[in-house]
Amino acid sequence: MGKDVIIACDFSSGEETLKFLDRFGDIRPFVKIGMELFYSEGPDIIRTLKGRGHKIFLDLKLHDIPNTVKKAMKAIGSLSVDICNVHAAGTGKMMKAALEGLTEAHTTRPLLIAVTQLTSTDQETMEKELLIREPMKKVVSSYALNAKASGLDGVVCSPLEAAEVHALCGDDFLTVTPGIRFADGDRGDQKRVMTPADAKASGSDYIVVGRPITASDDPVEAYERCVREFIG
Ligand code: C5P
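Overview of the structure. Sequence order sets the numbering: in each chain, residues are counted from 1 along the sequence as written. Confidence filtering applies because this is a predicted model: local features only for residues at pLDDT of at least 70, side-chain atom pairs given and counted only at 80 or more, and all residues used for totals across whole chains, interfaces and linings. For the side-chain quantities, the full set of heavy atoms in the structure was used; hydrogens and water were omitted.

Concerning a negative patch on the surface
For patches, a residue must show more than 30% relative accessible area and have no salt bridge; joins then use 9 Å for like charges and 5 Å for nonpolar side chains, namely Val, Leu, Ile, Met, Phe, Trp and Tyr. Accessibility throughout is a Shrake-Rupley quantity obtained with a 1.4 Å probe, and a residue counts as covered only by protein chains that appear here. The salt bridge criterion pairs a side-chain nitrogen of Lys or Arg with a carboxyl oxygen of Asp or Glu, the two atoms within 4 Å. The charged-residue count follows a simple rule in which Lys and Arg add positive charge and Asp and Glu add negative charge, with His and chain termini not counted at all. For the purpose of locating charges, the reference atoms are NZ of Lys, CZ of Arg, CG of Asp and CD of Glu. A cluster of like negative charges, contributed by D10, E15, E16, E36 and E41, occupies part of the molecular surface. Only DSSP runs of H or I with at least four residues qualify as helices, and only runs of E with at least two residues qualify as strands; both kinds are numbered from the N terminus onward. Going through the elements one at a time, α1 (14–22) and α2 (35–41) are the ones with two or more residues in the negative patch. Its place among the elements puts E15 in helix α1. Among the residues examined, E15 registers a relative accessible area of 66% and is labelled exposed. Each residue is assigned to one of three classes by its accessible area relative to the maximum for its type, calculated with a 1.4 Å probe on protein chains only: buried under 20%, partly exposed between the two thresholds, exposed over 50%.

Observations regarding the environment of F182
Residue placement: F182 occurs in the loop between β7 (174–177) and α9 (196–201). Along the chain, F182 and F11 lie 171 residues apart, while their C-alpha atoms are 21 Å from each other.

Focus on the side chain of H87
In this structure, H87 sits in strand β4 (residues 83–87). Owing to a relative accessible area of 16%, H87 belongs among the buried residues under this scheme.

Some remarks on the layout of surface pockets
Estimated volume of the largest pocket: approximately 1100 Å³. Cavity and pocket criteria rest on a 1 Å grid covering protein atoms alone: a 1.4 Å probe that fits but cannot get out defines a cavity, protein on both sides within 12 Å along at least 5 of 7 lines defines an open pocket, and an atom within 4 Å of a point defines a lining residue. L118, T119, S120, P178 and Q190 are the residues nearest the centre of the largest pocket, which is lined by 40 residues in total. Put simply, the parts of the chain that give the lining of the largest pocket at least two residues each are β2 (30–34), α2, β3 (56–62), α7 (136–149) and β8 (206–209). Looking at the lining of the largest pocket, its residues break down into 17 nonpolar, 11 polar and 12 charged. Grid points are joined across faces, edges and corners, and a volume is the space filled by probe spheres set on the points. Estimates place the volume of the second largest pocket at around 190 Å³. Residue lining of the second largest pocket: R181, F182, D184, G185, D186, R187, G188, R211, P212, A215 and S216, and that is the complete set. Among the residues making up the lining of the second largest pocket, the classes are represented as 3 nonpolar, 3 polar and 5 charged. Residues are grouped as follows: Ala, Val, Leu, Ile, Met, Phe, Trp, Tyr, Cys and Pro are nonpolar; Asp, Glu, Lys and Arg are charged; every other residue, Gly included, is polar.

In short, shape yes, function no, at least from these values alone.
Here it is as structure tokens:
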């Protein structure tokens, strides 16, 4: 898979999601489905979107004991999504088990990526609540290296970290980056943001874009602007 723009479909119902995607006509964007929609609609929403021809990043961020994650990943593998993920904090053993579960599903294996540190966790919270006292940059790099050593295909990270992750883990190791805003757009609650053009320059492989597209008056034009700026 090459570079692409993934739309974060953070809607509360399948109906709302399909109504939004209907606006794109024959264009079938790569979409990210998260916990809210998956837990409320179940696997049917994945089958429906697949049937419509969308590529899907199923963002469920698994984190449990290796055996449980392995079995859950086997179930996820049977849904034929294109990308799925786990928390790198679950350890190398858990990430390897996740990969085994996906392979057992006997479908084309989805790409498996790891969340390093959530962008909602800052240095202070990490130190005080998680008792991780290393600098954030070092933690993200170390988690990315552990994901690579466990056989994963890439990480979710800030576009600000994409170049560093590629330098450490190689150009083929995917960086999937949320926190994207247009230069003239509203930042919302995202603190560390980049434009699609800057994310391209940073070497990001996939940008995940939510509100700049979903909250736009013209989502199709906003999506096409992302594609123009990110892919060219
Ligand atoms: O609306 P916005 O463009 O901020 O949406 C970004 C999407 O990426 C949301 O679905 C959010 O949950 C997700 N995400 C993020 N930061 C992370 C991981 C995921 O913003 N570190």
